[in-house]
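# Summary of the model geometry
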Amino acid sequence: MSHVTVSAPGKLMLLGEHAVVYGYACLVTAVNLRVRVTVAPRDDGKVAIATLDLPEPFAASVDNLHGSSSEAPQAVRFVVSALQQFWRETGALTGADIATASDFTQAYGLGSSSAVTAATIKALAEATGRGHALDASDIFRLGFAAVLDVQGGIGSGFDVAAATYGGTLYYAGRGAEIVPLPGPPPPLVVGYSGIKAPTTRLVQHVAALRARRPEAMDAGMRHVDDLVGEAQAALLDGDYAQLGRIMDTNQAWLDTLGVGTAALDKLITAARRAGAYGAKLSGAGGGDCMIALVNDATRPRVERAIAQAGVPGAEVLRVEMGAPGVQVEPL
Ligand code: PMV
């Protein structure tokens, strides 16, 4: 087999973060920033993983891939975990040279880890002649397992679904329901808050809240689940005024969890004042990005308001939504 390059998209959470960890629904869209993984098979039982974040490729042998991915350097942990899942599933690995590259920095929180995981599994499948045997649901299943292994069991899998299937998705039941939404993705302005979010810590914070007040938290999450259903209908109808209101309501619940930050708040408020239909944080909170729903007339005003909100390091990210999922790149 010859070498193969596969790419997978990053993602933006539209609605339903945190509740999705507990099996409730969310909406996610894939973005046109991609991670690329090239795999060239070897037959000497060796694995070498090259990434820009390491001065030398990380070297391992197929035989000692059985250990935990946590023994590998941080920069290659998701690739190693993906290799382990592929190896366990297929037994088909005689060695590989692997190289990764990305359109975007991990700092944005746009899902580079889930993208590299899905792309690695697909690239291994193609490079070993098993592309036909592993369909998208297999790549999602193995990718989700790989991500959970690295993250100590934390995560809902919505990001792996976006990397695998692309487009805009309704995602629920920790992957039991993955429904592609037809029609154009929502017109959004994306603002980076200048700070990398500590996702694991925030998920643990919400878990602690839920342990203290299970009924109230579950009621809140059921409400978010309803909002996701209403948002799906509004999106399909192109009713952006309604979708914007739903985004604001979802943000109010996220505020009660205490996952917002002063920087995110400033950007959200600035976007609303500049005429956005609605605005909210996107992802775990604690940093990363916010999104604002706009139209052609309000887009430039909202972009300017975010850039001039006085948040150090904040920037408007020019990304397109609804990008295709994991795919083989032409040679
Ligand atoms: O911080 P991100 O973009 O990886 O999003 C986290 C979303 C959570 O619901 C908080 C966690 C998850 O895995 O769904």
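Before reading on, note that the structure itself is shown above.
Residues numbered from 1 in each chain as written. Predicted model: local features only at pLDDT ≥ 70, side-chain atom pairs only at ≥ 80, totals over all residues. Heavy atoms only, no water.

The subject of this paragraph is the packing of helix α3 (residues 136–150) against helix α4 (residues 158–165). Between α3 and α4, the least distance of the axes is 9 Å, while the angle of their chain directions is 145°. Between α3 and α4 lies a crossing whose hand is right-handed. Across the interface between the two elements, Ala 136, Ser 137, Ile 139, Phe 140, Gly 143, Phe 144 and Val 147 from α3 touch Val 160, Ala 161, Thr 164 and Tyr 165 from α4. By residue class, the composition of the contact of α3 with α4 is 8 nonpolar, 3 polar and no charged. (Axes fitted to C-alpha atoms, helices over the stretch in contact; angles between N-to-C directions. Helix = DSSP H or I, 4+ residues; strand = E, 2+ residues; numbered from the N terminus. Left-handed = near helix turned anticlockwise from the far one by under 90°. Contact = heavy atoms within 4.5 Å. Nonpolar A, V, L, I, M, F, W, Y, C, P; charged D, E, K, R; others polar.)

In this section: the packing of aromatic side chains. Inspection of the entire model under this criterion finds 4 aromatic pairs. Each residue in the set Phe 140, Phe 144 and Tyr 171 is aromatic and connected to the rest through ring pairs, giving one cluster. (Phe/Tyr/Trp six-rings, centres within 6.5 Å; stacked < 30°, edge-to-face > 60°.)

So, on to the site of the ligand. Taken together, the neighbourhood of the ligand is formed by 13 residues, with Lys 11, His 18, Ser 156, Thr 199 and Ala 284 sitting nearest. At a separation of 2.6 Å, an oxygen atom of the ligand approaches a polar side-chain atom of Ser 156. In the model, an oxygen atom of the ligand is placed 2.9 Å from a nitrogen or oxygen of the Thr 199 side chain. Burial of the ligand by the surrounding chains reaches 92%, relative to a free accessible area of 370 Å². Across the shell around the ligand, the residue classes break down as 5 nonpolar, 6 polar and 2 charged. (Near = heavy atom within 4 Å. Polar contact = N/O pair within 3.5 Å; in protein donor to acceptor, adjacent residues only side chain to side chain. Areas by Shrake-Rupley, 256 points an atom, 1.4 Å probe, with all protein chains shown as cover.)

This brings us to the pattern of salt bridges. All chains considered together, the criterion is met by 12 salt bridges. In this structure, Arg 36 engages Asp 103 in a salt bridge whose closest nitrogen and oxygen atoms are separated by 3.0 Å. Separated by 67 residues along the polypeptide, Arg 36 in strand β2 (residues 26–41) and Asp 103 in the loop between β5 (96–102) and α2 (112–127) bring together distant segments of the chain. Between Asp 248 and Arg 272 there is a salt bridge, with the nearest N and O atoms lying 2.9 Å from each other. (Salt bridge = Lys/Arg side-chain N within 4 Å of Asp/Glu carboxyl O.)

A separate point is the side chain of Thr 117. Secondary-structure assignment places Thr 117 in helix α2. In terms of polar contacts, Thr 117 uses its side chain to reach the backbone carbonyl oxygen of Ser 113, at 2.7 Å. Discounting residues that sit within four places of it in the chain, Thr 117 has contacts with Phe 78, Ala 82, Gly 143, Ala 146 and Val 147.

Considering the arrangement of structural elements, one finds Val 203 in helix α5 (residues 199–212). Separated by 150 residues in sequence, Val 203 and Asp 53 have C-alpha atoms that sit 26 Å apart. With near-sequence residues (within four places) excluded, Val 203 lies in contact with His 18, Val 21, Tyr 22 and Ile 154.

Of all hydrophobic cores here, the largest spans 115 residues; its most connected members are Ile 49, Leu 83, Ile 98, Met 290 and Val 302. With 9 residues, the top contributor of residues to this core is α2. Residues within four places of Met 290 in sequence aside, it is in contact with Val 189, Val 190, Gly 191, Leu 264, Leu 267, Ile 268, Ala 271, Ala 279, Lys 280, Leu 281, Ser 282 and Ile 306. (Core = buried A, V, L, I, M, F, W, Y, C linked by side-chain atoms within 4.5 Å. Buried < 20%, exposed > 50% of the residue type's maximum accessible area, 1.4 Å probe, protein only.)

Let's shift gears to unusual backbone geometry. Here His 18, not a glycine, exhibits a phi torsion of approximately 70°, which is positive. With respect to the helices and strands, the residue His 18 is situated in the loop between β1 (4–15) and β2. If you check the backbone angles, Arg 174 has positive phi at about 50° while not being a glycine. Judged by relative accessible area, which is 29%, Arg 174 ranks as partly exposed.

Another point: the side chain of Gln 251. As for its position among the elements, Gln 251 is in helix α7 (residues 240–257). Gln 251 gets classed as buried once you look at its relative accessible area, which sits at 2%. Apart from residues no more than four positions distant in its own chain, Gln 251 is found in contact with Ile 268, Arg 272, Ala 279, Lys 280 and Leu 281.

A word on α3. Helical geometry note: an α-helix holds 3.6 residues per turn, so side chains three or four residues apart project in the same direction. The end-to-end C-alpha distance of α3 is 21 Å, a good match for the 21 Å that 15 residues give at a rise of 1.5 Å each. Taken together, the buried positions of α3 are occupied by Asp 138, Ile 139, Phe 140, Leu 142, Gly 143, Phe 144, Ala 146 and Val 147. In this fold, the buried residues of α3 make contact with α1 (77–90), α2, α4, β6 (168–172) and β7 (177–180). (Expected span 1.5 Å × (residues − 1).)

Interpretation note: all reported values are geometric properties and have no functional meaning in isolation.
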